[in-house]
Amino acid sequence: MPSKPRTIIEKVWDNHIVAEREGAPSLLFIDLHLVHEVTSPQAFSGLRQRGLKVRRPDLTFATVDHSTPTTPRSLPIVDPIAKAQVAQLEANAQEFGIPYFGFQNKDQGIVHVIGPENGLTQPGMTVVCGDSHTATHGAFGALAFGIGTSEVEMVLATQCLLQRRSKSYEVRVDGSLKKGVAAKDIILALCAKIGIGGGTGCVFEYTGSAIRALTMEERMTVCNMSIEAGARAGLVAPDDATYEYLAGRRFAPKGAKWDEAVAKWRQLPTDDGAAYDHNLSIDADSLEPMITFGTNPGMGMAISGAVPDPSTIADPLERDSLRKALAYMALEPGKPLAGQKIDVVFIGSCTNSRLSDLRAAASILKGRKVSEKVRTMVVPGSQEIKRQAEAEGLDEVFRAAGAEWREAGCSMCIAMNGDQLTPGQYSVSTSNRNFEGRQGKGGRTFLASPLTAAASAVTGVVTDVRTLL
Amino acid sequence: MKFESTVTQIPVDNIDTDQIIPARFLKTISKDGLGDQLFFDWRYNADGSPKPEFILNTEKAKASNVLLAGDNFGCGSSREHAPWALSQYGFQAVISTSFADIFKQNSLKNRLVPLVVSREVHQQLRDALAANPDLKVSVDVEAQTLTWSGGPVEQFPIDPFAKHCLLAGVDEIGYVTQHEAQIAAYEAERFATLNTLTN
């Protein structure tokens with residue numbers, strides 16, 4: 001009997017239904033629950049109050065990344081509130097028997113970096129974390145999404161979530177990226193095209209020849225920012241690149257189990273003829289390096305473009321929002337952004353802190369010096385990436401260029417750990433959010449790729465990397 | 001669940017959770033004390049003194065239970081500190097033309113009603129408030145209505161299960177644990193193939 005063609009999104013969903021009842025959301029089983037220090041303490045307190053255990057500590061994994069310093073690990077955590085939060089997760093992991101990579105663990109790192117790095121994230125899984133960038137894990141063909149603390153408590157207690165099915169949204173990217181254009185530019189272009197709310201209620205599936213050509217690290221960059229276009233999750237169907245990346249990793253299946261797993265994963269890609277609720281196409285050939293000018297990731301443009309003029313917008317609330325954003329950013333409508341003076345360059349975050357990102361930045365910085373007016377911070381996504389980068393001498397390239405080479409963590413993406421802009425400063429940042437104050441109160445953020453960030457560090461102004469290639 | 005209130009307006013589109021509560025306040029390990037940090041960077045001067053002109057610092061707003069915001073409210077991070085802060089300040093509902101997915105779910109779990117209206121009704125309410133800033137609106141979750149004197153009877157959507165939980169005070173974790181047999185059966189079938197952290 002031929003069954004109805006399904007998307008990968010439907011397949012993963014269907015495979016995880018524990019119970020369904022008329023009028024109620026589906027009860028969905030969660031295969032992997034990632035936990036960090038910021039959104040979990042209240043959930044563990046809730047468990048304790050209820051007298052409950054963690055149902056499946058073997059499917060739960062914890063680390064610290066948000067409030068941890070990126071100074072040398074021999075130094076203590078200076079902020080007493082951050083220190084207490086880190087200590088609380090350590091105590092919770094111990095009390096509830098959860099695997100934990102602590103602050104001093106040699107494999108600590110950003111939760112969305114170390115999950116894939118250790119083979120925890122696998123195709124077809126449901127993955128959740130109290131963090132909106134959980135969509136990163138969608139790069140492996142997993143249905144991965146961020147949840148709030150109440151839902152963290154729910155998953156700790158039951159390994160399940162009550163969820164309604166999302167709509168499916170195909171984002172097809174065909175063609176090939178030109179020199180100087182990166183995976184980050186694909187996702188920034190999507191955000192600019194549909195806006196920060198464009199994917200609300202949806203899960204993206206990224207398809208097309210340009211997506212197939214991306215490495216796993218580049219796919220993670222794209223999926224990571226699905227939430228910045230409003231979608232709770234975004235994924236790429238697994239293929240040989242996925243299996244090659246996963247093979248042999250610490251928590252990946254081994255031996256006969258591996259062969260069995262790959263055979264199952266090969267069933268996941270969307271069937272021919274399956275329908276999506278929404279579709280959008282992006283032409284990779286026509287993409288330029290992208291940069292944001294405003295105070296949300298949807299306020300972005302090609303680097304050769306000019307800052308838009310609010311007076312050309314008809315809708316009064318939209319017009320006011322743009323006006324407010326440009327006032328915060330202190331930018332003039334109609335002017336190009338290239339040439340804008342900057343104070344800080346941040347290369348890091350769960351979007352762009354993997355080895356290939358560091359290599360891209362280093363390819364620009366090699367043999368050059370960063371502008372003496374710019375503080376340049378390079379923050380690897382994990383201690384393992386830090387070791388790999390050092391093994392191939394990238395740290396020396398960064399240091400020789402005058403950039404800071406730091407320890408792993410979220411760092412200036414969210415500015416909870418002391419790495420932050422001062423009021424009025426401009427940064428070019430490889431992170432995912434340019435909201436007001438995101439990188440420090442009063443700070444102003446331009447989001448861009450590692451290539452663009454490195455080029456701008458060299459010149460001290462927002463720079464089209466193609467001029468340095 | 002039924003209440004009547006004046007309306008506090010922050011009519012800005014795409015208000016993100018970093019504005020609702022900045023990340024530096026997320027280092028807390030409790031849920032308490034977040035109401036004072038709501039919209040902190042819009043609400044206070046650099047020296048920590050309140051900005052008298054910012055709406056949340058007015059006595060009227062402090063007595064109000066309903067916030068009217070622009071489109072796509074609550075976009076950005078998954079922090080549940082955002083609805084915690086809004087509730088602790090005193091809001092029981094936020095009216096907008098749309099909400100970000102995670103924020104919406106987090107709000108419903110904290111008895112904060114994410115009340116979606118059409119662009120037209122949003123504008124009508126703003127016009128009515130311009131004419132009478134002391135206007136009161138009534139929210140009735142059971143009837144799913146938003147009403148005000150001289151305005152339409154606006155029917156708002158709400159997930160039927162979420163509505164049931166709000167009205168009956170259902171504890172969702174308690175509800176899910178009643179499915180123990182089904183969860184165990186699912187695990188038994190799945191476990192053979194699922195690679196876990198300990199095998």
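Keep in mind the model is a prediction, meaning the values are calculated, not measured.

Enquirer: Summarise the layout of surface pockets; cite the residues concerned and give the values.
Expert: Put simply, the largest pocket is a space of about 910 Å³. Considering the residues around the largest pocket, the lining is formed by 36 residues, among which Arg164 of chain A together with Asp101, Lys104, Gln105 and Asp159 of chain B are closest to the centre. Elements represented by at least two residues in the lining of the largest pocket include exactly strand 7 (143-146), strand 8 (160-163), strand 9 (167-174) and strand 10 (202-207) of chain A together with helix 5 (101-108), strand 4 (113-116) and helix 7 (160-168) of chain B. Considering every element that reaches the lining of the largest pocket, the biggest residue donor is helix 5 of chain B, with four residues. For the lining of the largest pocket, a count of residues per class yields 18 nonpolar, nine polar and nine charged.

Enquirer: Just give me the short version of empty space enclosed by the protein, but keep the residues and values in it.
Expert: To find the voids left in a structure, one rolls a probe of water-molecule size over its atoms. Residues and elements named next belong to chain A. Inspection of the entire model under this criterion finds four cavities of 30 Å³ or more. As a volume, the largest cavity reaches approximately 210 Å³. Looking at the largest cavity, it is lined by 23 residues, and the ones nearest its centre are His66, Asp131, His133, Ile414 and Arg438. The residue makeup of the lining of the largest cavity, split by class, is eight nonpolar, ten polar and five charged. Of the pockets and cavities examined, the second largest cavity occupies roughly 150 Å³. No other element matches the three residues that helix 11 (residues 316-329) contributes to the lining of the second largest cavity. Looking at the lining of the second largest cavity residue by residue, the class counts come to six nonpolar, five polar and four charged.

Enquirer: Outline the sheet that holds strand 9 of chain A, supporting the account with residue identities and numerical values.
Expert: Residues and elements named next belong to chain A. Read across the open sheet, the four strands follow the order 11-10-9-12; overall the sheet is parallel. The sheet is open, and its two edges are formed by strand 11 (233-235) and strand 12 (278-283), each paired on a single side. Neighbour to neighbour, the strand axes of the sheet diverge by 20 degrees on average, direction disregarded. Bridge analysis of strand 9 against strand 10 gives six bridges, and the strand direction is parallel. Its bridge partner being in strand 10, Glu170 is matched across the sheet by Glu205. On the sheet, helix 1 (residues 8-15) packs against strand 9, strand 10 and strand 11 and is oriented at approximately 125 degrees with respect to strand 10.

Enquirer: Let's hear about the packing of aromatic side chains: which residues, and what values?
Expert: Scanning the entire structure with this criterion turns up 19 aromatic pairs over all chains. A ring pair is formed by Phe40 of chain B and Tyr44 of chain B, whose centres lie 4.4 Å apart and whose planes are at 35 degrees; its orientation type is tilted. Here Tyr44 of chain B falls in the buried class, since its relative accessible area comes to 12%. Connected via pairs of aromatic rings, a cluster forms that spans Tyr169, Phe204 and Tyr206 of chain A. Lying across the ring of Tyr245 of chain A, Arg249 of chain A places its NZ or CZ 3.8 Å from the centre.

Enquirer: Which residues make up the interface of chain B and chain A, and what are the values?
Expert: On the chain A side, the residues contacting the 68 residues of chain B number 76 residues. Both sides of the chain B and chain A interface together cover about 5800 Å² of buried area, and 56% of this is carbon and sulfur. On inspection of chain B and its partner chain A, the count reaches eleven salt bridges. If you look at where chain B meets chain A, you find 25 residue pairs in polar contact (both at pLDDT 80 or more). Within the residue set of the side of chain B that touches chain A, elements represented by two or more residues are helix 1 (17-20), helix 2 (40-43), helix 4 (81-89), helix 5, helix 6 (119-131), helix 7, helix 8 (172-177) and helix 9 (180-191) of chain B. When residues of the side of chain B that touches chain A are assigned to their parent elements, the largest contribution, eight residues, is made by helix 9 of chain B. Tallied by class, the residues present in the side of chain B that touches chain A amount to 25 nonpolar, 24 polar and 19 charged.

Enquirer: Before we move on, can you summarise the side chain of Asp18 of chain B with the specific residues and values?
Expert: Assignment of secondary structure puts Asp18 of chain B in helix 1. A relative accessible area of 4% places Asp18 of chain B in the buried class. A polar atom in the side chain of Asp18 of chain B sits 3.4 Å from the side chain of Arg79 of chain B. Residues within four places of Asp18 of chain B in sequence aside, it is in contact with Phe435 and Arg438 of chain A together with Ala23 and Arg79 of chain B.

Enquirer: Any details on the environment of Ile183 of chain B? Residues and values, ideally.
Expert: Within the secondary structure, Ile183 of chain B is located in helix 9. Taking the C-alpha atoms as reference points, Ile183 of chain B and Val7 of chain B, separated by 176 residues in sequence, lie 44 Å from one another. Not counting chain neighbours up to four residues away, the residues in contact with Ile183 of chain B comprise Val18, Leu27, Arg55, Thr158 and Cys160 of chain A together with Val176 of chain B.

Enquirer: Requested: an account of the side chain of Arg406 of chain A, with residues and values cited.
Expert: Residue and element names in this part refer to chain A. Mapping Arg406 onto the fold places it in the loop between strand 17 (404-405) and strand 18 (426-429). We classify Arg406 as buried; its relative accessible area is 13%. Within the local environment of Arg406, its side chain forms a polar contact with the side chain of Thr70, the two groups lying 2.8 Å apart. Of the polar contacts made by the side chain of Arg406, one reaches the side chain of Glu404; its length is 2.7 Å.

Enquirer: Tell me about the pairing of strand 18 of chain A, and name the residues and values.
Expert: Residues and elements named next belong to chain A. Judged by which residues are buried, strand 18 turns out to be covered on both faces: Tyr426 and Val428 on one side and Ser427 and Ser429 on the other are all buried. In terms of strand pairing, strand 15 (residues 344-347) meets strand 18 through three bridges, oriented parallel. By the bridge assignment, Val344 is partnered in strand 18 with Ser427. Across four bridges, the pairing between strand 18 and strand 19 (residues 444-447) is parallel. Looking across to strand 19, one finds that Val428 is bridged to Phe446.

Enquirer: Describe the nonpolar core, and please don't skip the residues or the numbers.
Expert: Core analysis: the largest hydrophobic core is formed by 94 residues, its most contacted members being Phe44, Leu190, Phe204 and Tyr206 of chain A. If one sorts the elements of this core by residue count, helix 6 (residues 183-194) of chain A sits on top with eight residues. Contact partners of Leu190 of chain A, with chain neighbours within four places excluded, come to Val171, Gly195, Phe204, Tyr206, Ala229, Leu280 and Ile282 of chain A. Counting 88 residues, the second largest nonpolar core, distinct from the first, contains Tyr328 of chain A together with Ala61, Phe99 and Phe103 of chain B.

Enquirer: Let's hear about helix 5 (residues 149-158) of chain A: which residues, and what values?
Expert: All names here are of chain A. In terms of burial, helix 5 is largely enclosed, as nine of its ten residues are buried. If you check which residues of helix 5 are buried, you get Thr149, Glu151, Val152, Glu153, Met154, Val155, Leu156, Ala157 and Thr158. Immediately beyond the C-terminal end of helix 5, within one or two residues, lies Gln159, with a positive phi of roughly 60 degrees.

Enquirer: Report on the sheet that holds strand 2 (residues 26-29) of chain A, specifying residues and quantitative values.
Expert: Residue and element names in this part refer to chain A. Strand order in the open sheet formed by three strands is 1-2-8, with antiparallel pairing between adjacent strands. The sheet terminates laterally at strand 1 (17-19) and strand 8, the two strands that pair on one side only. Neighbour to neighbour, the strand axes of the sheet diverge by 40 degrees on average, direction disregarded. Pairing of strand 1 with strand 2 involves two bridges; the strand directions are antiparallel.

Basis of the calculations
Residues numbered from 1 in each chain as written. Chains lettered and ligands numbered in written order. Predicted model: local features only at pLDDT ≥ 70, side-chain atom pairs only at ≥ 80, totals over all residues. Heavy atoms only, no water. 1 Å grid on protein atoms, 1.4 Å probe; cavity = no way out; pocket = protein on both sides within 12 Å on 5 of 7 lines; lining within 4 Å. Points joined across faces, edges and corners; volume = space filled by probe spheres on them. Helix = DSSP H or I, 4+ residues; strand = E, 2+ residues; numbered from the N terminus. Nonpolar A, V, L, I, M, F, W, Y, C, P; charged D, E, K, R; others polar. Pairing = 2+ DSSP bridges. Axes fitted to C-alpha atoms, helices over the stretch in contact; angles between N-to-C directions. Contact = heavy atoms within 4.5 Å. Phe/Tyr/Trp six-rings, centres within 6.5 Å; stacked < 30°, edge-to-face > 60°. Buried < 20%, exposed > 50% of the residue type's maximum accessible area, 1.4 Å probe, protein only. Lys NZ or Arg CZ within 6 Å of the ring centre and 35° of its normal. Buried area = accessible area lost by both parts, 1.4 Å probe. Salt bridge = Lys/Arg side-chain N within 4 Å of Asp/Glu carboxyl O. Polar contact = N/O pair within 3.5 Å; in protein donor to acceptor, adjacent residues only side chain to side chain. Core = buried A, V, L, I, M, F, W, Y, C linked by side-chain atoms within 4.5 Å.

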